[in-house]
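Here is how the chains run, residue by residue.
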Amino acid sequence: MHLTIGATEEGCDSLGTRYVVYVVHLEGFLFCKVRYSQLHRWNEKLRRYFGSKCVPSFPPKSFLAQTESMAEERRLQLQSYLQTVAEDPVISVSEIFTTLLQNAQQETFKIHPQVIVLEILLADRNKLLIDTHTYDSAERMLSIAAQKIELSRQFLDYIALYLVREDTNGGYTVLRKLNAFELPYVGLWSMQNENSRIMIRKSYLDPMKDRMLLGITAGVLLLYSQAKYELERDWVKPTPNQYRKLKASQEAGKKREFLELMEEVKFYGYQHFEACICDYPEPNCPTSVRVGNNEINCCIQLPSNHIKEASFKVNRIRCWRISVQIPLQEEIGLKLSFEYQDSQDLWQWVTIYTHQAFLLGSCLKEISTEKPKLAGNHAEMSKHIGTVPGKQCREVTRKDEASVFEYIADDQL
């Protein structure tokens, strides 16, 4: 979970007193707006609950008029505090912390509490209507949706709710996976974009986990809706013979057979990303990115217009960094850079410029979790990328760019 304070605004209370409002983004998207006093109260509650030694130090109050440089330093200090707390494996999943986040989301957007009927998309764009509440969490809504399609609670770990954007070509773009504590309805409203939707999809990248869902009807329907869409949109690359068999299974209505055939298809189970830009092997190369099967796969258009396919194995990545650029009055710019060891054992940085950088980062973490015992000298690197408490750091290069820098400490290599 990545929290950043990308900007500040000026507020004014009923007495005319001016104050600073900090704009908090969760994984690149507006989440809430808070004052220093709110964050200070958060800190006090966390320290009382977890103890002073477990909570990072909080930026002290300032009783002097702040210069521009002092205000910027305060913003960065508060951002560092939030990021450290959000990375803590105990605090970040605690009820007290997630409740504080939910309250901040509610207070920011002031959505009227009421019972609603919410439309949730399946991966093939069919719709599921659920009875829920404006302040229900993603975890609660996922449970309701699973019950609606008769999926047992024991399989909830294999599915998740995602924020997606419908495209003009009839497809959609996956923006990010929703955290269990988030309020999906409030999040949709805050985006102010009529093309934003909530979608239910499988929550993993390892196709072998499909076997857990293939034994139940609801699981087959969910997997089939996603696999069918991926085939239709050319997100997967079957051979001509595989394609004929897949279409024959579809026409015969043999969904399980279709899914078993898909397991052998290139790029099945990968997360597909929108067209983006990569600086490998040359700057400003248009790139198509997929992530899965322990790799970042890039189809790169070279200046000569030739296409080069590059596979960056996740267990050869030493660290990665997500940088958030915040131009004034423009959409947040994102990029993910990773340090990679090539076949000649040389280290180099590769940067992918994409608004889906946080989703790309979460995929890297997912692979690290799913493949904890990879063979070879790099197994421990992949296992611990961005997951070891106290082993992460962050750097800020300038006031309009904040970086989340995740790495493996030397003693873990």
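Remarks on the nonpolar core
Phase 1 of the analysis: Counting 42 residues, the largest nonpolar core has Leu 161 and Ile 200 as its most contacted members.
Phase 2 of the analysis: Those elements giving two or more residues to this core turn out to be strand 4 (115–121), strand 5 (127–133), helix 4 (138–148), strand 6 (159–166), strand 8 (196–202), helix 6 (217–232) and helix 8 (255–262).
Phase 3 of the analysis: Looking at which element gives the most residues to this core, the answer is helix 6, with seven residues.
Phase 4 of the analysis: When near neighbours in sequence (up to four residues on either side) are disregarded, Leu 161 contacts Ile 120, Ala 138, Met 141, Leu 142, Lys 177, Leu 178, Ile 198, Met 199 and Ile 200.
Phase 5 of the analysis: Listed in part, the 41 residues of the second largest apolar core include Phe 273, Cys 285, Val 291 and Ile 300.

A few points about the pattern of salt bridges
Phase 1 of the analysis: For the structure shown, the criterion picks out 16 salt bridges.
Phase 2 of the analysis: Here Arg 75 ties to Glu 72 by a salt bridge, and the two come within 2.6 Å at their closest N and O atoms. In this pair, Arg 75 and Glu 72 both sit in helix 2 (residues 68–87), three residues apart, roughly one turn of the helix.
Phase 3 of the analysis: When the shortest N-O distance is used, the salt bridge between Lys 202 and Asp 210 registers 3.4 Å. Each member of the pair, Lys 202 as well as Asp 210, carries the same accessibility label: buried.

Points about the sheet that holds strand 2 (residues 18–26)
Phase 1 of the analysis: Here three strands make up an open sheet; going across it, the order is 1-2-3 and the pairing antiparallel. Here the strands that pair on one side only, and so sit at the sheet edges, are strand 1 (3–12) and strand 3 (29–35). Neighbour-to-neighbour, the strand axes of the sheet open up by a mean angle of 30 degrees, direction not taken into account.
Phase 2 of the analysis: Where strand 1 and strand 2 come together, nine bridges link them in antiparallel fashion. Within strand 2, the position partnered with Glu 10 by the bridge is Val 20.
Phase 3 of the analysis: Running at roughly 90 degrees to strand 3, helix 3 (residues 95–109) makes contact with strand 1 and strand 3 of the sheet.

Description of the packing of helix 6 against helix 7 (residues 240–251)
Phase 1 of the analysis: Put simply, helix 6 and helix 7 touch, their axes get as near as 12 Å, and they point 135 degrees apart. For the element pair helix 6 / helix 7, the angle class is oblique. Taken as a pair, helix 6 and helix 7 cross one another with a handedness that is left-handed. Between helix 6 and helix 7, the residues in contact are Tyr 224, Lys 228 and Leu 231 and Tyr 243, Leu 246 and Gln 250, respectively.
Phase 2 of the analysis: Of the residues contributing to the contact of helix 6 with helix 7, the split by class is four nonpolar, one polar and one charged.

Overview of the side chain of Asn 43
Phase 1 of the analysis: Its place among the elements puts Asn 43 in helix 1 (residues 36–50).
Phase 2 of the analysis: Apart from the residues within four sequence positions on either side, Asn 43 is in contact with Val 55, Pro 56, Phe 58 and Tyr 81.

Observations concerning the pairing of strand 3
Phase 1 of the analysis: Relative to strand 3, strand 2 runs antiparallel, the two sharing six bridges. By the bridge assignment, Val 21 is partnered in strand 3 with Arg 35.
Phase 2 of the analysis: Adjacent in sequence and paired antiparallel, strand 2 and strand 3 are bridged by two residues, among which Glu 27 carries a positive phi angle near 50 degrees.

Thoughts on a positive patch on the surface
Phase 1 of the analysis: A cluster of basic residues, Arg 35, Arg 41, Lys 45 and Arg 48, forms a positive patch at the surface.
Phase 2 of the analysis: At three residues, the largest contribution of residues to the positive patch is made by helix 1.
Phase 3 of the analysis: Within the secondary structure layout, Arg 41 lies in helix 1.
Phase 4 of the analysis: By relative accessible area, which is 48% here, Arg 41 ends up partly exposed.

Concerning the environment of Lys 202
Phase 1 of the analysis: If you trace the backbone, Lys 202 turns up in strand 8.
Phase 2 of the analysis: In this structure Lys 202 comes out as buried when scored by relative accessible area, which is 8%.
Phase 3 of the analysis: Distance in space between the C-alpha atoms of Lys 202 and Leu 223 is 7.3 Å, their sequence separation being 21 residues.
Phase 4 of the analysis: Those residues in contact with Lys 202 that sit more than four places away from it in its chain are Tyr 158, Ile 159, Tyr 162, Asp 210, Leu 223, Gln 226, Tyr 268 and Gly 269.
Phase 5 of the analysis: At 3.4 Å, the side chain of Lys 202 forms a polar contact with the side chain of Tyr 268.

Details of helix 1
Phase 1 of the analysis: With 15 residues, helix 1 extends 21 Å from end C-alpha to end C-alpha; this agrees with the ideal 21 Å at 1.5 Å per step.
Phase 2 of the analysis: Those residues of helix 1 lying buried are Tyr 36, Gln 38, Leu 39, Trp 42, Asn 43, Leu 46 and Phe 50. Looking down the long axis of helix 1, one finds its buried residues gathered within 160 degrees of arc, a one-sided arrangement.
Phase 3 of the analysis: Gly 51 occupies a position one or two residues after helix 1 and carries a positive phi of about 95 degrees.

Re the sheet that holds strand 5
Phase 1 of the analysis: With respect to topology, five strands assemble into an open sheet ordered 5-4-8-6-7, the strand pairing being mixed. In this open sheet, the two strands that pair with only one neighbour each are strand 5 and strand 7 (172–177). The average undirected angle you get between the axes of adjacent strands in this sheet is 45 degrees.
Phase 2 of the analysis: Its contacts with the sheet place helix 4 against strand 4, strand 5, strand 6 and strand 8, and it is angled at close to 130 degrees to strand 5.
Phase 3 of the analysis: Taken strand by strand, helix 6 contacts strand 6, strand 7 and strand 8, and its axis lies near 115 degrees from that of strand 8.

Some points on helix 6
Phase 1 of the analysis: The end-to-end C-alpha separation of helix 6 is 22 Å, in line with the 22 Å expected for 16 residues at 1.5 Å each.
Phase 2 of the analysis: Buried within helix 6 are the following residues: Ala 218, Gly 219, Val 220, Leu 222, Leu 223, Tyr 224, Ser 225, Gln 226, Ala 227, Tyr 229, Glu 230 and Leu 231.
Phase 3 of the analysis: Just past helix 6, the residue Asp 234 takes up positive phi, approximately 60 degrees.

Digging into the state of the cysteines
Phase 1 of the analysis: What the rule picks out here adds up to zero disulfides.
Phase 2 of the analysis: Unpaired in this structure, Cys 278 has its nearest cysteine sulfur neighbour in Cys 298, at a distance of 5.2 Å.
Phase 3 of the analysis: The buried category is assigned to Cys 278, whose relative accessible area is 0%.

Rules used in this analysis
Counting restarts for each chain: residues are numbered from 1 in the order of the written sequence. Side-chain atom pairs in this predicted model are given and counted only at pLDDT of 80 or more, local residue features only at pLDDT of at least 70, and totals for whole chains, interfaces and linings cover all residues. No hydrogens and no water enter the side-chain calculation; it runs on all heavy atoms of the structure. Within this scheme, the nonpolar core is defined by two criteria: the residues are buried Ala, Val, Leu, Ile, Met, Phe, Trp, Tyr or Cys, and they are joined through side-chain atoms within 4.5 Å. The buried label applies to any residue whose accessible area, calculated with a 1.4 Å probe on protein chains only, is under 20% of its type's maximum; exposed applies above 50%, and partly exposed to all values in between. The way it works is that DSSP assigns letters per residue, a run of H or I at least four long becomes a helix, a run of E at least two long becomes a strand, and they are numbered from the N terminus. The contact criterion used is simple: two residues touch if any of their non-hydrogen atoms lie within 4.5 Å. Criterion for a salt bridge: a side-chain nitrogen of Lys or Arg within 4 Å of a carboxyl oxygen of Asp or Glu. Think of it this way: DSSP has to see at least two bridges between two strands before they count as a pair. Helix axes are fitted to C-alpha atoms over the stretch in contact, other axes to C-alpha atoms as well, and angles between N-to-C directions run from 0 to 180 degrees. Angles below 35 degrees are treated as roughly parallel, those above 145 as roughly antiparallel, those between 65 and 115 as roughly perpendicular, and all remaining angles as oblique. By definition, turning the near helix anticlockwise from the far helix through less than a right angle yields a left-handed crossing, and turning it clockwise yields a right-handed one. Nonpolar residues are Ala, Val, Leu, Ile, Met, Phe, Trp, Tyr, Cys and Pro. Charged residues are Asp, Glu, Lys and Arg, and all others, Gly as well, are polar. The patches described consist of residues with a relative accessible area above 30% and no salt bridge, like charges being joined within 9 Å and nonpolar side chains (Val, Leu, Ile, Met, Phe, Trp, Tyr) within 5 Å. Per-residue accessibility takes into account occlusion by the displayed protein chains alone, with areas from the Shrake-Rupley method and a 1.4 Å probe. His residues and chain termini do not enter the charge count, which takes Lys and Arg as positive and Asp and Glu as negative. To locate a charge, take atom NZ for lysine, CZ for arginine, CG for aspartate or CD for glutamate. Any pair of N or O atoms that falls within 3.5 Å is considered a polar contact. Within protein, one atom must be able to donate a hydrogen and the other to accept it, and sequence-neighbouring residues count only if both atoms are side-chain atoms. Expected helix span is given by 1.5 Å per residue-to-residue step, counting one fewer step than there are residues. The directions from the helix axis to the C-beta atoms are what the arc is built from. Cysteine sulfurs are considered disulfide-paired once they come within 2.5 Å of each other.

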